[in-house]
Amino acid sequence: MGHKVVVFDISVVRALWETRVKKHKAWQKKETERIEQSALERIKEEWNFVAECRRKGIPQTLYCKNGFIDTSVRILEKIERNSLIRQSSPSKERDKPSSKFVFELSGEQWKELPDSLKQQTHLKEWHISNTLIQSIPTYIELFQAMRILDVPKNQISHLPAEIGRLMNLKELNVSFNHLKSIPPELGDCENLEKLDCSGNLELTELPFELSNLKKVVFVDISANKFSSVPICVLRMSNLQWLDISNNNLNDLPQDIDRLKELKTFLLYKNKLTYLPYELLNLKKLTLLVVSGDRLVELPTALCDSSTPLKFVNLMDNPIDNTQCQDGEEMTESEQDRQHFDKEFMRAYIDDLKERESVPSYTTKVSFSLQL
């Protein structure tokens, strides 16, 4: 008997595989869309973007607006293109009125501010970041037109009392430096609207004199060593955003409901065991974020889905940090970790604002990323 020869209809086999290929491509497309919408993917994209900006010496103020990384525009190409334009036609750059009032400085090669800065008292904004500068000069009082003092991620360990003479100052960002205190004279800056002292790691209190800052709407004192909400903060009657996360809070004051205008309250990574019922009196509160590992009591109305409040109860899993023998290196590593943690939470909160409701609970995984 001869060999049996099986004959297939090639068109049937081809149709079968084409169907499988189409299904696989459809699955790949859905998976790609899921990854693109993922918060972790956005964070990865932001960190790669920040790393590229750092390598090219681009100031943080150009791509970080209100604490959020802007990767929606091709800012690298735009900045490089603008740089070429400035080199080819410097006269056009001189014609820009806004640049005459803004001072920008970035890079670890800077240990002191340039001497020529003292004569430029017409400046309205300082943007200084990622330098080795350790102090703000006392002659800052000469800059009476100053609106924004943005000096994050430097080595600043002291703020001069003369900062209180900047009567037109609206924004002060001294985050991720090495401050251990804030001068009480800052309370004289009655037009201040935004105060960011986060990530200094050693701040334990704010001076009572800051109670005079009635126009403040944003306060960030996260990643420090506060054991209670500062009294001056409770007297900021127009406060809308308060971030006191990652501190040593054991409880909240009973008069927390003084903050009638508060909309966002970030409390995660503290030592809270209960939340006071006075929180229910904050009628404008729309977002409350806490860490629930130690919570044993909280008002049930906070979890009521019928209210506009988004109550987020994070379940932390902190990773023990290895102790370094070199204290300076340990502090720098801790600041980098805190900075990444804040960016992660900002991306998460930004995502929450787009949802109609929040998950019943969220597990936040801590991890580190080395650039």
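Residues numbered from 1 in each chain as written. Predicted model: local features only at pLDDT ≥ 70, side-chain atom pairs only at ≥ 80, totals over all residues. Heavy atoms only, no water.

Q: Explain the overall build of the protein chain here, please?
A: Broken down by element type, the protein chain carries 6 helices and 13 strands. Considering the protein chain as a whole, with its 371 residues, one finds that 42% of them fall into the buried category. Carbon and sulfur atoms form 51% of the exposed surface of the protein chain, whose accessible area is close to 21,500 Å². (Helix = DSSP H or I, 4+ residues; strand = E, 2+ residues; numbered from the N terminus. Buried < 20%, exposed > 50% of the residue type's maximum accessible area, 1.4 Å probe, protein only. Areas by Shrake-Rupley, 256 points an atom, 1.4 Å probe, with all protein chains shown as cover.)

Q: What am I meant to see in the nonpolar core here?
A: Nonpolar side chains in soluble globular proteins generally cluster together in the buried interior. Membership of the largest hydrophobic core comes to 63 residues, with the highest contact counts inside it found for Trp-126, Phe-265, Leu-275 and Leu-288. For this core, the elements supplying multiple residues, two or more each, are β3 (102-106), β4 (125-129), α5 (231-234) and β11 (287-291). For this core, the element with the highest residue contribution is α5, accounting for 3 residues. By size, the runner-up hydrophobic cluster in this structure holds 16 residues, among which are Ile-43, Phe-218, Tyr-268 and Tyr-348. (Core = buried A, V, L, I, M, F, W, Y, C linked by side-chain atoms within 4.5 Å.)

Q: I tried to follow the environment of Gln-338 on my own but got confused; where do I start?
A: Relative to the assigned elements, Gln-338 resides in helix α6 (residues 327-353). Taking C-alpha positions, Gln-338 is 9.8 Å from Asn-200, a pair spaced 138 residues apart along the chain. Leave out the neighbours within four places in its chain, and Gln-338 touches Phe-176, Leu-201, Ala-223 and Asn-246. (Contact = heavy atoms within 4.5 Å.)

Q: What should I look at first to understand the side chain of Asn-177 in this one?
A: Within the element layout of this structure, Asn-177 appears in the loop between β6 (171-173) and β7 (194-196). From its side chain, Asn-177 meets the backbone nitrogen of Ile-156 in a polar contact 3.2 Å long. Of note is the side chain of Asn-177, whose polar atom sits 3.1 Å from the backbone oxygen of Ser-175. Discounting residues that sit within four places of it in the chain, Asn-177 has contacts with Val-151, Pro-152, Lys-153, Asn-154, Gln-155, Ile-156, Gly-199, Asn-200 and Gln-335. (Polar contact = N/O pair within 3.5 Å; in protein donor to acceptor, adjacent residues only side chain to side chain.)

Q: Please explain the environment of Leu-117 as it appears in this structure.
A: Among the structural elements, Leu-117 can be located in the loop between β3 and β4. What makes Leu-117 buried here is its relative accessible area of 0%. Sequence-distant contacts of Leu-117, that is, excluding residues within four places in its chain, are made with Phe-103, Leu-123, Trp-126, Tyr-139 and Phe-143.

Q: Is there a simple way to think about the pattern of salt bridges in this case?
A: Any two side chains of opposite charge can pair if their charged atoms end up close together. In total, this model carries 4 salt bridges according to the counting rule given. For Glu-141, the salt bridge goes to Arg-165, with nearest N and O atoms at 2.3 Å. Note that Glu-141 is positioned in the loop between β4 and β5 (148-150) and Arg-165 in the loop between β5 and β6, a separation of 24 residues in sequence. Since its relative accessible area comes to 47%, Arg-165 is described here as partly exposed. In this structure, the salt-bridge partner of Lys-170 is Glu-193, at a minimum N-O distance of 3.6 Å. Of this pair, Lys-170 sits in the loop between β5 and β6 while Glu-193 sits in the loop between β6 and β7, and the two are 23 residues apart along the sequence. Given the relative accessible area of 31%, Glu-193 is considered partly exposed. (Salt bridge = Lys/Arg side-chain N within 4 Å of Asp/Glu carboxyl O.)

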